[in-house]
Amino acid sequence: MAKLKEHIRRRLHAAAPRITAVAAAVLSLCVVCSTLITAVNTVQVQDSDGMARTLMTAVTQHEDLLELAGMELEENDTTTMKRTEDGTLLLSLQRAFPVTVRADGKNYQADISEGTVRDVLTRAGVALDENDFTTPKLSAPVHKDMEIQVHRVTFEDHVESETIPFETQYQDETETTSGKYTHEVLLSNGKDGKTNVTYRQKFIDGIYDSTQVVEREVIEPAVPKVYRRYKTNAVSPLLPPEGITVVNNVPSSYSTVYTMKATGYSSRGGRGASGLGLYYGTFACDPTLIPYGTKVYITSEDGRFVYGWAIATDTGAFIHTNRMQVDLYYETYAESAANGVKTVKVYIP
């Protein structure tokens, strides 16, 4: 028994190198197999034309995979690869397709598999000016059976001379003056200005679209009409003749003064017998005594009533019975009646 054990021991000792070598070889084979299993992928190759193949391979190059699947990458085709949720690699082959571009009355064509309208125009050799645009827009993705329309935008400018209406301005002194009448006295007339306006008309493919103003050049500025607005107890807003002032209701210069009877009348504007207008500051009289157009100053002797500076523009019916009478104009009948009959001084410069 002892001899048998010894014999076995010796045989094992002699075979140990062989056993070790075999074990190492088996281990290496396992590693290789594991590596091969890890490197091999399930690849699904899909052609946009509808063809599909499934491969088990360690190859990852797109062109090699297409060759294994019996497919050929042609000009302008594109490929993309992604891994799906189950670990399968999906290689998609997008075949190029024609896209038509309509521009300038011509049709252009470009083969493309992906990209945008801008990419199609580049391949078709169609250039856009700054204001041109396309339908669909340049950033739109391309697809089969797409037609792109290029719209050419042009402009035409023309200049028109236009009027600048003058404004009306007021020098308002009503806060610092007093009286029951608020008058507006014209200080200077307004004048319209002139401007050159440049209009730009927009045309899309030769058809009118819109107009906008692109420039205004003032040739002559407008001059405002200016009024002085103030309060006073004088009925008339008329200014004195040049060089004459009024102190204590007496003009600084006059040639004649009449004491006369004053009455009041009103009408809806129009003209007096002289052909001159009727408004605050006009009166009727005997024109043989006070000629038409004469500007006079009218006030009561005590100064409680002031009609102010007035122009003779009308003839009163009273001239046949009383030449020493004036009929003062008011804008309303109520106002004329309220002022009644008065004795006034009429100063004639």
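Quick look at the structure, then. This is a predicted model, so every value here is computed, not measured.

Cut-offs and rules
Within each chain, residues carry numbers counting from 1 in the order of the written sequence. Only residues with pLDDT of at least 70 are given local features in this predicted model, and only at 80 or more are side-chain atom pairs given and counted; all residues enter the totals for whole chains, interfaces and linings. Based on all heavy atoms of the structure, the side-chain values leave hydrogens and waters out of the count. Helix and strand definitions here come from DSSP, where helices need a minimum of 4 consecutive H or I residues and strands a minimum of 2 consecutive E residues; each element is numbered from the N-terminal end. Per-residue accessibility, obtained with a 1.4 Å probe over protein chains only, is compared with the maximum for each type, and a residue is labelled buried under 20%, exposed over 50%, and partly exposed between these values. Note on definitions: a residue-residue contact is assigned when non-hydrogen atoms from the two residues lie within 4.5 Å. The accessible surface values rely on the Shrake-Rupley method and a 1.4 Å probe; as for residues, cover is taken only from the protein chains in view. The rule for pairing is simple: two strands pair if DSSP sees at least two bridges between them. Think of it as the arc spanned by the lines of direction from the helix axis to the C-beta atoms. Every axis corresponds to a line fitted to the C-alpha atoms, with the helix fit spanning only the stretch in contact, and the corresponding angles, defined between N-to-C directions, vary from 0 to 180 degrees. Polar contact is the term for a pair of N or O atoms within 3.5 Å; when the atoms are in protein, one must be able to donate a hydrogen and the other to accept it, and sequence-neighboring residues count only if both atoms are side-chain atoms. Salt bridges, as used here, are contacts in which a Lys or Arg side-chain nitrogen is within 4 Å of a carboxyl oxygen on Asp or Glu. Asp and Glu are treated as the negative residues and Lys and Arg as the positive ones, with His and the ends of the chain left uncounted.

1. A closer look at the overall build of the protein chain
Stage number 1. Counting its regular elements, the protein chain contains four helices and 22 strands.
Stage number 2. Out of the 349 residues in the protein chain, the part that is buried amounts to 32%.
Stage number 3. By sequence separation, contacts in the protein chain at least 24 residues apart represent 63% of the contacts at least 6 residues apart.
Stage number 4. Carbon together with sulfur atoms contributes 51% to the accessible area of the protein chain, which is approximately 21,900 Å² in total.

2. A closer look at the pairing of strand β18 (residues 282–285)
Stage number 1. Of the two faces of β18, the one carrying T282 and A284 and the one carrying F283 and C285 are both buried.
Stage number 2. Pairing of β18 with strand β20 (residues 306–315) involves four bridges; the strand directions are parallel. Following the sheet pairing, T282 is matched in β20 by I311.

3. Observations regarding helix α3 (residues 117–124)
Stage number 1. Taken residue by residue, α3 has V117, V120, L121 and A124 as its buried positions. Relative to the axis of α3, the buried residues are bounded by an arc of 100 degrees and lie together on one face.
Stage number 2. In this structure, the buried side of α3 is in contact with β5 (97–103), β6 (106–112), β7 (133–135) and β8 (147–151).
Stage number 3. Trailing α3 by a residue or two, G125 shows a phi angle of about 75 degrees, which is positive.

4. Topic: the sheet that holds strand β10 (residues 168–172)
Stage number 1. The strand order across the open sheet formed by three strands is β10-β14-β11, and the pairing between neighbours is mixed. Here the strands that pair on one side only, and so sit at the sheet edges, are β10 and β11 (181–188). The mean inter-strand angle of the sheet, taken between neighbouring strand axes irrespective of direction, is 30 degrees.
Stage number 2. Relative to strand β14 (residues 225–232), β11 runs antiparallel, the two sharing seven bridges.

5. Quick word on the side chain of T134
Stage number 1. Checked against the element boundaries, T134 lands in strand β7.
Stage number 2. Among the polar contacts made by the side chain of T134, one reaches the main-chain carbonyl oxygen of P136 at a distance of 2.7 Å.
Stage number 3. Polar contacts involving the side chain of T134 include one to the main-chain amide nitrogen of L138, which spans 3.4 Å.
Stage number 4. In contact with T134, not counting residues within four places along its chain, are V117, L121, L128, I148, Q149, V150 and H151.

6. Comments concerning the pattern of salt bridges
Stage number 1. Throughout the structure, instances matching the rule amount to 14 salt bridges.
Stage number 2. Notably, a salt bridge pairs R152 with D104, separated by 2.9 Å at the nearest N-O pair. Taken together, the residues span a long stretch of sequence, with R152 in the loop between β8 and β9 (153–164) and D104 in the loop between β5 and β6 at a distance of 48 residues.
Stage number 3. Taking relative accessible area as the criterion, R152 reaches 19% and is therefore assigned buried.
Stage number 4. Classification of D104 as partly exposed rests on a relative accessible area of 48%.
Stage number 5. A salt bridge links R229 to D172; the shortest N-O distance between them is 3.5 Å. You can see R229 sitting in strand β14 and its partner D172 sitting in strand β10, a full 57 residues away along the chain.
Stage number 6. Several salt bridges converge on common partners, so that one network encompasses D47, D49, D77 and R95.

7. As for the side chain of D314
Stage number 1. Position of D314 among the secondary structure elements: in strand β20.
Stage number 2. There is no salt bridge for the buried D314, and the closest opposite charge comes from R271, which lies 12 Å off by N-O distance.
Stage number 3. A distance of 2.9 Å separates a polar atom in the side chain of D314 from the backbone nitrogen of A273.
Stage number 4. Setting aside chain neighbours within four positions, we find D314 in contact with Y265, G272, A273, L278, F283, A284, C285 and Y292.

8. A short note on the sheet that holds strand β12 (residues 193–204)
Stage number 1. Taken together, the three strands give an open sheet; going across it, the order is β9-β12-β13, and neighbouring strands pair in antiparallel fashion. Only two strands of the sheet have a single neighbouring strand rather than two, namely β9 and β13 (207–220). If you compare each strand with its neighbour and ignore which way they point, the axes differ by 20 degrees on average.
Stage number 2. Bridging between β9 and β12 involves 12 bridges; their strand directions are antiparallel. Note that in β12 the partner of E162 across the bridge is T195.

9. Description of unusual backbone geometry
Stage number 1. The omega torsion across T135 and P136 is -5 degrees, close enough to zero to call that bond cis.
Stage number 2. On the secondary structure map, P136 appears in the loop between β7 and β8.
Stage number 3. Phi is positive for D145, which is not a glycine, with a value near 65 degrees.
Stage number 4. Its location among the elements puts D145 in the loop between β7 and β8.
Stage number 5. On the accessibility criterion, D145 (75% relative accessible area) is exposed.

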